[in-house]
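Results of the structural survey
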Amino acid sequence: MREALIDATDRALIDRLQDGFPICERPYAAAAHALGISEDDLLARLRRLLEVRVLTRFGPLFQIERMGGSFVLAALAVPECDWQRQVEIVNSFPEVAHNYRRQSERDCPFNMWFVLATETTAGIASAVRRIETACGLPVFVFPKIREYFVDMKLSVRT
Amino acid sequence: MNAPLDDLDRRLVVATQGGLPLVARPYHELATTLGISADEVMSRLARMLECGLVRRIGVVPNHYAIGYTANGMSVWDVPDALIDGLGERVGALDFVTHCYHRPRCLPQWPYNLFAMVHGGSRSEVLGKVAQIAALLGPACRAHDILFSTAILKKTGLRIGG
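In this text the structure is predicted, and so the values were computed from the model without any measurement. (Residues numbered from 1 in each chain as written. Chains lettered and ligands numbered in written order. Predicted model: local features only at pLDDT ≥ 70, side-chain atom pairs only at ≥ 80, totals over all residues.)

As a further point, take the overall build of chain A. Broken down by element type, chain A carries six helices and six strands. The order of α-helices and β-strands along chain A, N terminus first, is α-α-α-α-β-β-α-β-β-α-β-β. Against the 2.2 N^0.38 benchmark of 15 Å for 158 residues, chain A shows a C-alpha radius of gyration of 19 Å, more extended than a compact globule. Projected onto the principal axes, the alpha-carbon positions of chain A cover approximately 55 × 40 × 30 Å. With 158 residues in all, chain A has 32% of them scored as buried. (Helix = DSSP H or I, 4+ residues; strand = E, 2+ residues; numbered from the N terminus. Rg over C-alpha atoms; globule rule 2.2 N^0.38 Å. Buried ≥ 20, exposed ≤ 12 C-beta atoms within 10 Å, placed from the backbone.)

Written out as structure tokens, the structure is:
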């Protein structure tokens, strides 16, 4: 299924546009030229890749910490029988930027891991309290103490 | 560096956090929406990139869709006195995409070093995690790997308009 979703041009596009995108009057034309395709083709490919969810986003990626805000990793131990309801509750919060189901190799009970993104540092504590109330479960937070390395770029392997 | 946004920066964040317009002149379209000139939109975005408010402008792929079907969050309990040196070395491994020192949460969570490892298969990730274990050696007192089994949400930042 995955193979059918993207062709060689899409792969080149995804790899190249993880590095950056021009700021100029016709940025798609400039990026398309570098890929050897037309501006219309690039726009059509981006629309399609976003629609089929090969891409989850296209645009500026903001560093909220540089704007006085916070990103914080948090976890919940959700009972299996209540899973779907709790997913809907947690995802309904706009402060939840990402949410993943994770399974431990060693029986750790934390199975839902999400990232809170808020415009102010105080917004995190408020979001945590509201999520705890809505879910009826304790939220465990893992704010970063130090960042050693971050590079979200991954080259296409399909 | 933690400069609060001015009102126009904030409106620019709100207008673009869902994505850049998919039209030939996206910065001109934003300018029309915000009631400012396209030059102002472009110079503000360029400045935000320069000072790190914007990490980059570009695509965010779904890891699964581009071949990284195994995504493991490896977590390690190492002595606090050694963590910075070890964290730098683990973060420097070419297959680690994020590496952080985070607090323990005892008794449920003894781990203080987090390293994300992505691969095309579970065994590939396990092999990479074994390389981290070898690097840490006896400094590692316990570890776990939490593989992601579903993306439940991935919208990114959303601040109020």
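Our focus in this paragraph is the environment of Ser74 of chain B. With respect to the helices and strands, Ser74 of chain B occurs in strand 2 (residues 70–77). Taking the C-alpha atoms as reference points, Ser74 of chain B and Arg44 of chain B, separated by 30 residues in sequence, lie 38 Å from one another.

Note: interface size is frequently given as the accessible area lost on complex formation between the parts. Counting residues at the interface gives 66 residues for chain A and 68 residues for chain B. Among the elements that make up the side of chain A that touches chain B, the one with the highest residue count is strand 3 (residues 96–104) of chain A (nine residues). Residue composition of the side of chain A that touches chain B, by class: 35 nonpolar, 12 polar and 19 charged. The pairing of strand 3 of chain A with strand 5 (residues 142–154) of chain B spans seven bridges and is antiparallel. Bridging across to strand 5 of chain B, Gln103 of chain A finds its partner in Phe147 of chain B. (Contact = placed C-beta atoms within 7 Å. Nonpolar A, V, L, I, M, F, W, Y, C, P; charged D, E, K, R; others polar. Pairing = 2+ DSSP bridges.)

A few words on the domain arrangement of chain B. Domains assigned within chain B are domain 1 (7–50) and domain 2 (64–147). Each of domain 1 of chain B and domain 2 of chain B was reduced to a C-alpha centroid, and the two centroids are 38 Å apart. (Domains from an automatic or database assignment.)

For the rest of this paragraph, the subject is the sheet that holds strand 3 of chain A. The strand order across the open sheet formed by nine strands is 5(A)-2(A)-4(A)-3(A)-5(B)-2(B)-4(B)-3(B)-6(A), and the pairing between neighbours is antiparallel. Each having just a single partner strand, strand 5 (140–142) and strand 6 (146–150) of chain A make up the two edges of the open sheet. Within this sheet the neighbouring strands show an average axis-to-axis angle of 25 degrees, counted without direction. In this sheet, strand 4 (residues 113–119) of chain B lies alongside strand 3 (residues 96–101) of chain B in antiparallel orientation, the contact comprising five bridges. (Axes fitted to C-alpha atoms, helices over the stretch in contact; angles between N-to-C directions.)

This next bit is on unusual backbone geometry. Leaving glycine out, the prevailing phi sign among residues is negative, and the prevailing peptide bond configuration is trans. Following Leu106 of chain B, the chain continues into Pro107 of chain B via a peptide bond in cis, with omega recorded as 5 degrees. In this model, Arg53 of chain A sits at a positive phi of 70 degrees, which is unusual for a non-glycine residue. Within the secondary structure, Arg53 of chain A is located in the loop between helix 4 (39–51) and strand 1 (55–62). Backbone geometry at Asp107 of chain A places phi at a positive 65 degrees, although glycine is not the residue there. Examined against the element boundaries, Asp107 of chain A turns out to sit in the loop between strand 3 and strand 4 (112–118).

The next subject is the packing of helix 2 (residues 8–17) of chain A against helix 4 of chain A. All names here are of chain A. For the pair helix 2 and helix 4, the least separation of the axes is 11 Å and the interaxial angle reads 85 degrees. If you check the angle between helix 2 and helix 4, you find them roughly perpendicular. Listed contacts from helix 4 to Thr9, Asp10 and Leu13 of helix 2 are Leu42, Arg45 and Leu49. For the contact of helix 2 with helix 4, the per-class residue count stands at three nonpolar, one polar and two charged. (Parallel < 35°, antiparallel > 145°, perpendicular 65-115°, else oblique.)

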